[in-house]
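# Geometric and topological summary
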Amino acid sequence: MGGTIKLVSNEGDLFELDVEVAKKSEVIKEMLENCDDSGEDVPLPTISSDQLKKVVEWLEQHRGDLDRLEGVEKDYNSDNIPEWDKKFFDLSQVELFDLILAANYLDIKAMLDLLAKSVANLMKGKTAEEIRETFNIECDLTEEEIEKIQNENEWEMIADN
(Lines give C-alpha, C1' and ligand atoms only; values in the text may rest on other atoms or scores of the structure.)
Protein backbone atom coordinates (compact mmCIF):
# COMPACT_ATOMS: atom_id res chain seq x y z
CA MET A 1 0.00 0.00 0.00
CA GLY A 2 1.61 3.25 -1.12
CA GLY A 3 0.44 6.82 -0.82
CA THR A 4 0.04 9.02 2.19
CA ILE A 5 -1.92 9.02 5.40
CA LYS A 6 -3.19 12.02 7.37
CA LEU A 7 -2.80 11.96 11.12
CA VAL A 8 -4.93 14.34 13.17
CA SER A 9 -3.73 15.67 16.53
CA ASN A 10 -6.08 16.23 19.46
CA GLU A 11 -6.13 19.92 18.44
CA GLY A 12 -7.34 19.06 14.94
CA ASP A 13 -4.07 19.76 13.09
CA LEU A 14 -3.33 17.49 10.12
CA PHE A 15 0.05 15.84 9.52
CA GLU A 16 0.61 14.02 6.25
CA LEU A 17 3.03 11.11 6.14
CA ASP A 18 3.95 8.34 3.70
CA VAL A 19 2.05 5.19 4.59
CA GLU A 20 5.22 3.07 4.65
CA VAL A 21 6.88 5.51 7.07
CA ALA A 22 3.74 5.66 9.23
CA LYS A 23 3.83 1.85 9.51
CA LYS A 24 6.80 2.16 11.89
CA SER A 25 3.96 2.73 14.34
CA GLU A 26 2.51 -0.68 15.19
CA VAL A 27 -0.84 0.99 15.97
CA ILE A 28 -1.09 2.62 12.54
CA LYS A 29 0.24 -0.52 10.82
CA GLU A 30 -2.43 -2.71 12.46
CA MET A 31 -5.12 -0.15 11.75
CA LEU A 32 -4.19 -0.08 8.06
CA GLU A 33 -4.09 -3.88 7.87
CA ASN A 34 -7.43 -4.36 9.64
CA CYS A 35 -9.46 -1.53 8.14
CA ASP A 36 -10.58 -1.01 4.59
CA ASP A 37 -8.73 1.64 2.64
CA SER A 38 -11.27 4.36 3.23
CA GLY A 39 -8.73 7.15 2.96
CA GLU A 40 -10.07 8.77 6.12
CA ASP A 41 -7.90 10.86 8.39
CA VAL A 42 -6.57 9.07 11.47
CA PRO A 43 -7.57 10.84 14.69
CA LEU A 44 -5.02 10.62 17.52
CA PRO A 45 -6.99 11.98 20.48
CA THR A 46 -4.20 11.64 23.06
CA ILE A 47 -1.44 13.30 21.02
CA SER A 48 -0.97 17.07 20.82
CA SER A 49 0.14 18.90 17.69
CA ASP A 50 3.58 19.58 19.19
CA GLN A 51 4.04 15.89 20.03
CA LEU A 52 2.75 14.70 16.66
CA LYS A 53 4.99 17.14 14.81
CA LYS A 54 8.02 15.70 16.65
CA VAL A 55 6.90 12.10 16.03
CA VAL A 56 6.40 12.75 12.30
CA GLU A 57 9.78 14.49 12.06
CA TRP A 58 11.46 11.55 13.82
CA LEU A 59 9.70 9.02 11.56
CA GLU A 60 10.77 10.95 8.45
CA GLN A 61 14.38 11.08 9.68
CA HIS A 62 14.35 7.32 10.27
CA ARG A 63 12.49 6.50 7.06
CA GLY A 64 15.18 4.13 5.74
CA ASP A 65 16.08 2.49 9.05
CA LEU A 66 15.63 -1.24 9.22
CA ASP A 67 13.52 -2.63 12.02
CA ARG A 68 15.36 -4.74 14.56
CA LEU A 69 15.04 -8.33 13.48
CA GLU A 70 13.29 -10.87 15.65
CA GLY A 71 15.80 -12.66 17.84
CA VAL A 72 18.51 -10.01 17.43
CA GLU A 73 19.81 -8.82 20.79
CA LYS A 74 18.49 -5.42 21.83
CA ASP A 75 21.12 -2.73 22.45
CA TYR A 76 20.64 -1.48 26.01
CA ASN A 77 23.77 0.70 26.09
CA SER A 78 22.55 4.25 26.69
CA ASP A 79 25.76 5.61 25.12
CA ASN A 80 24.60 4.25 21.74
CA ILE A 81 22.34 7.05 20.60
CA PRO A 82 22.95 8.45 17.11
CA GLU A 83 24.07 12.10 17.13
CA TRP A 84 20.95 13.31 15.29
CA ASP A 85 18.73 11.66 17.91
CA LYS A 86 20.78 13.08 20.81
CA LYS A 87 20.14 16.59 19.48
CA PHE A 88 16.52 15.83 18.59
CA PHE A 89 15.75 14.50 22.08
CA ASP A 90 17.55 17.37 23.82
CA LEU A 91 14.26 18.63 25.22
CA SER A 92 12.83 19.78 28.50
CA GLN A 93 11.85 16.97 30.83
CA VAL A 94 8.15 17.65 30.21
CA GLU A 95 8.60 17.54 26.42
CA LEU A 96 10.68 14.37 26.66
CA PHE A 97 8.07 12.56 28.74
CA ASP A 98 5.22 13.81 26.52
CA LEU A 99 7.09 12.39 23.54
CA ILE A 100 7.51 9.07 25.37
CA LEU A 101 3.75 8.96 25.92
CA ALA A 102 3.10 9.67 22.23
CA ALA A 103 5.63 7.06 21.04
CA ASN A 104 4.17 4.56 23.49
CA TYR A 105 0.58 5.25 22.38
CA LEU A 106 1.62 4.80 18.74
CA ASP A 107 3.84 1.82 19.65
CA ILE A 108 6.97 3.03 17.84
CA LYS A 109 9.52 0.66 19.36
CA ALA A 110 12.72 2.15 17.91
CA MET A 111 11.74 5.63 19.05
CA LEU A 112 10.81 4.36 22.53
CA ASP A 113 14.18 2.59 22.83
CA LEU A 114 16.05 5.82 22.05
CA LEU A 115 13.84 7.87 24.37
CA ALA A 116 14.43 5.38 27.19
CA LYS A 117 18.19 5.68 26.63
CA SER A 118 17.86 9.47 26.75
CA VAL A 119 16.07 9.27 30.10
CA ALA A 120 18.68 6.79 31.38
CA ASN A 121 21.36 9.33 30.48
CA LEU A 122 19.56 11.94 32.60
CA MET A 123 20.05 9.62 35.59
CA LYS A 124 23.62 8.54 34.87
CA GLY A 125 26.05 9.37 37.65
CA LYS A 126 23.38 10.74 39.99
CA THR A 127 22.57 9.66 43.51
CA ALA A 128 19.11 8.40 44.40
CA GLU A 129 18.38 11.78 45.99
CA GLU A 130 19.47 13.67 42.85
CA ILE A 131 17.32 11.38 40.69
CA ARG A 132 14.32 12.02 42.94
CA GLU A 133 14.92 15.78 42.63
CA THR A 134 15.39 15.59 38.84
CA PHE A 135 12.17 13.66 38.28
CA ASN A 136 10.20 15.17 41.17
CA ILE A 137 9.79 11.80 42.88
CA GLU A 138 8.73 11.85 46.51
CA CYS A 139 10.83 9.67 48.79
CA ASP A 140 8.54 7.22 50.55
CA LEU A 141 11.25 5.72 52.75
CA THR A 142 11.61 6.53 56.42
CA GLU A 143 14.89 7.87 57.80
CA GLU A 144 15.49 4.44 59.35
CA GLU A 145 14.97 2.66 56.02
CA ILE A 146 17.34 5.07 54.25
CA GLU A 147 19.98 4.56 56.95
CA LYS A 148 19.60 0.77 56.71
CA ILE A 149 20.05 0.86 52.91
CA GLN A 150 23.10 3.10 53.25
CA ASN A 151 24.63 0.76 55.82
CA GLU A 152 23.93 -2.30 53.64
CA ASN A 153 25.59 -0.60 50.67
CA GLU A 154 28.36 1.19 52.54
CA TRP A 155 31.07 -0.65 50.57
CA GLU A 156 29.68 0.81 47.31
CA MET A 157 29.83 4.34 48.67
CA ILE A 158 33.41 3.84 49.84
CA ALA A 159 34.38 2.41 46.43
CA ASP A 160 32.88 5.43 44.65
CA ASN A 161 35.05 7.88 46.62
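First things first, this report covers the structure right here in the doc. (Residues numbered from 1 in each chain as written. Predicted model: local features only at pLDDT ≥ 70, side-chain atom pairs only at ≥ 80, totals over all residues. Heavy atoms only, no water.)

## Notes on the packing of helix H3 (residues 49-61) against helix H5 (residues 93-106)
In plain terms, the rule: Between the N-to-C directions of two axes lies an angle of 0 to 180 degrees, each axis being a line fitted to C-alpha atoms and, for a helix, fitted only over the stretch in contact. Only runs of H or I of at least four residues qualify as helices and only runs of E of at least two qualify as strands under DSSP, and these elements are numbered from the N terminus. To sort the angles, those under 35 degrees are grouped as roughly parallel, those over 145 as roughly antiparallel, those from 65 to 115 as roughly perpendicular, and the leftovers as oblique. Less than a right angle of anticlockwise turn of the near helix away from the far helix marks a crossing as left-handed, whereas a clockwise turn marks it as right-handed. Residues are treated as being in contact if the distance between any of their heavy atoms lies within 4.5 Å. Here the nonpolar group is Ala, Val, Leu, Ile, Met, Phe, Trp, Tyr, Cys and Pro; Asp, Glu, Lys and Arg are the charged ones; every other residue, Gly included, is treated as polar.
Running from amino to carboxyl end, H3 crosses H5 at an angle of 65°, the nearest separation of the two axes being 10 Å. Considering the angle they form, H3 stands roughly perpendicular to H5. Relative to H5, the crossing made by H3 is right-handed. On H5, the residues that touch Gln-51, Lys-54 and Val-55 of H3 are Asp-98, Leu-99, Ala-102 and Leu-106. Taken together, the residues of the contact of H3 with H5 sort by class into four nonpolar, one polar and two charged.

## Here's the deal with the sheet that holds strand S1 (residues 4-8)
Let me state the cut-off plainly: Two strands are counted as paired when DSSP detects at least two bridges linking them.
Pairing in this open sheet of three strands is mixed, and the strands run S2-S1-S3 from one edge to the other. Two strands lie at the open edges of the sheet, namely strand S2 (14-18) and strand S3 (42-43), each paired on one side alone. Both S1 and S3 contribute to a ladder of two bridges, which runs parallel. Paired with Leu-7 across the two strands is Val-42, which belongs to S3. Contacts between H3 and the sheet are confined to S1 and S2, with S2 contributing the most and set at about 15° to the helix.

## Some thoughts on the pairing of S1
Of the pairings in the sheet, the one linking S1 to S2 comprises five bridges and is antiparallel in character. Within the sheet, the bridge partner assigned to Leu-7 lies in S2 and is Phe-15.

## A few points about H5
Condition: Helix span is expected to be 1.5 Å times the residue number reduced by one. Residue burial is assigned from relative accessible area. The probe radius is 1.4 Å, only protein chains are included, and a residue is buried under 20% of its type maximum, exposed over 50%, and partly exposed in between. Read the arc as the range of directions from the helix axis to the C-beta atoms.
With 14 residues, H5 should cover 20 Å at 1.5 Å per step; its first-to-last C-alpha distance of 20 Å lies within 8% of that length. Of all the residues in H5, the buried ones are Leu-96, Leu-99, Ile-100, Ala-102, Ala-103 and Leu-106. What you see down the axis of H5 is that its buried residues fit within an arc of 165°, all on one side. In this structure, H5 carries Val-94 and Leu-101 as exposed residues pointing more than 90 degrees from its buried face.

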